[in-house]
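Chain by chain, the residues:
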Amino acid sequence: MEVSEIIYNSWKQSGNPLKYATADAKGNRIVKDVNFADPTKHPNYDGEFVGECNLCGKPFKGGIPVKKLLGSSYMDWAVHKNPDGTHICEACSFCLAMNPEGRIALFRYAIIADGEELRLCNRAEMRDALINPPQPPFVAIVPVSQKKHLFSKAKISFSRDNFFCSLEEMTVPVDLEAFKALIEKIEALRGVGIVKTDIEAGRIGGFFIKNYDIMSQEKALEIIAECRKSEMFQLALFLAQKAEEDYAECFLDFRLKAK
């Protein structure tokens, strides 16, 4: 089974439109309808064509000619397994296509697909989905630029305890229990006022230094250094939310400066 097949089958089970929770320009929570393009309704779809997919290389019936689907701006030819193939299968076509009404495309969304449901996730939802992953096999993809087709570089996961998540073009092996602990530490650090850019850089900012005692400062630097050693660090940092201050102080055992 290919990544594209899991994603496409998940979408067929979920149907159009999918729901995506986001925020408007003023920060108000909104839920958008997301209508992906159906490859079988593409004007150049050929339901009778039989061959091997130009991208995934698998035998198929019914697809879209490569030249009618991919334009001159497409750059991922190196991952195509059958470059002599003239058509792209339905599953890969779905993952590549864009709905011109709203310019809706798969690469714009963080997704979890398990063959039964295609979930479009904001950062908080993706964090929760990875902490409580679906039954395998499943695919998890987190875009950063929202400009690249990532499905063709992603991996299928066959375990809930140890799985893969694509962060942009980087494949991150995730140990579930270690990931939960890492997320909790980063969210606690954020809860006491250490911003993500400082955590990423391995430092503490002026707000934290002003408000917390020297032992807390030293401990914070040690925790940050430990977090940054993990190969899951960038993924956890990207998805981490912000813990409540009281909980964060208790969890980290930090002390405010005496007044």
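Right, let's walk through the structure included here.

What about the packing of aromatic side chains?
Okay, step 1: Inspection of every chain in the model, using the stated rule, returns 13 aromatic pairs.
Okay, step 2: Between Tyr74 and Trp77, the aromatic rings sit 4.9 Å apart at their centres with planes inclined by 80°, giving edge-to-face as the arrangement.
Okay, step 3: Judged by its relative accessible area of 8%, Tyr74 falls in the buried class.
Okay, step 4: Counting every residue linked through ring pairs, the aromatic cluster contains Tyr8, Trp11, Tyr20, Phe36, Phe94 and Tyr109.
Okay, step 5: Over the ring of Phe238 we find Arg123; its NZ or CZ atom is 3.8 Å from the centre of that ring.
Okay, step 6: The ring of Phe164 is capped by Lys155, whose NZ or CZ atom sits 5.0 Å from the centre of that ring.

Notes on unusual backbone geometry
Okay, step 1: A cis amide bond links Asn16 to the next residue, Pro17, at an omega of -10°.
Okay, step 2: Mapped onto the elements, Pro17 comes out in the loop between α1 (3–14) and β1 (18–23).
Okay, step 3: Geometrically, the link from Pro136 to Pro137 is a cis peptide bond, its omega value of 0° lying close to zero.
Okay, step 4: Relative to the helices and strands, Pro137 resides in the loop between α4 (123–131) and β10 (139–142).
Okay, step 5: For Glu168, which is not a glycine, the phi torsion comes out positive at approximately 55°.
Okay, step 6: Turning to its location among the elements, Glu168 is positioned in the loop between β11 (162–167) and β12 (170–175).
Okay, step 7: A positive phi angle, close to 60°, is found at Asp253, a residue other than glycine.
Okay, step 8: Structurally, Asp253 can be placed in the segment after α10 (245–252).

Some details on the sheet that holds strand β3 (residues 46–52)
Okay, step 1: In spatial order, the strands read β3-β4-β5; together these 3 strands make up an open sheet with antiparallel pairing. For this open sheet the edge positions go to β3 and β5 (87–89), each flanked by a neighbour on one side alone. Taken over all neighbouring pairs, the strand axes of this sheet differ in orientation by 60° on average, direction set aside.
Okay, step 2: Both β3 and strand β4 (residues 59–65) contribute to a ladder of 4 bridges, which runs antiparallel. Residue pairing across strands places Asp46 opposite Gly63, the latter belonging to β4.

Some thoughts on the environment of Phe207
Okay, step 1: Its location among the elements puts Phe207 in helix α7 (residues 206–211).
Okay, step 2: Sequence spacing of Phe207 and Gly193 is 14 residues, and the spatial spacing of their C-alpha atoms is 6.7 Å.
Okay, step 3: Contacts of Phe207, omitting those with residues within four sequence positions, involve Val192 and Gly193.

Overview of empty space enclosed by the protein
Okay, step 1: Summed over all chains, the structure comprises 1 cavity of 30 Å³ or more.
Okay, step 2: Estimated volume of the largest cavity: approximately 90 Å³.
Okay, step 3: Every residue lining the largest cavity is listed: Cys95, Leu106, Phe107, Tyr109, Ile111, Ile141, Pro143, Lys148, His149, Leu150 and Phe151.

What counts, and at which threshold
- Residues numbered from 1 in each chain as written.
- Predicted model: local features only at pLDDT ≥ 70, side-chain atom pairs only at ≥ 80, totals over all residues.
- Heavy atoms only, no water.
- Phe/Tyr/Trp six-rings, centres within 6.5 Å; stacked < 30°, edge-to-face > 60°.
- Buried < 20%, exposed > 50% of the residue type's maximum accessible area, 1.4 Å probe, protein only.
- Lys NZ or Arg CZ within 6 Å of the ring centre and 35° of its normal.
- Helix = DSSP H or I, 4+ residues; strand = E, 2+ residues; numbered from the N terminus.
- Pairing = 2+ DSSP bridges.
- Axes fitted to C-alpha atoms, helices over the stretch in contact; angles between N-to-C directions.
- Contact = heavy atoms within 4.5 Å.
- 1 Å grid on protein atoms, 1.4 Å probe; cavity = no way out; pocket = protein on both sides within 12 Å on 5 of 7 lines; lining within 4 Å.
- Points joined across faces, edges and corners; volume = space filled by probe spheres on them.

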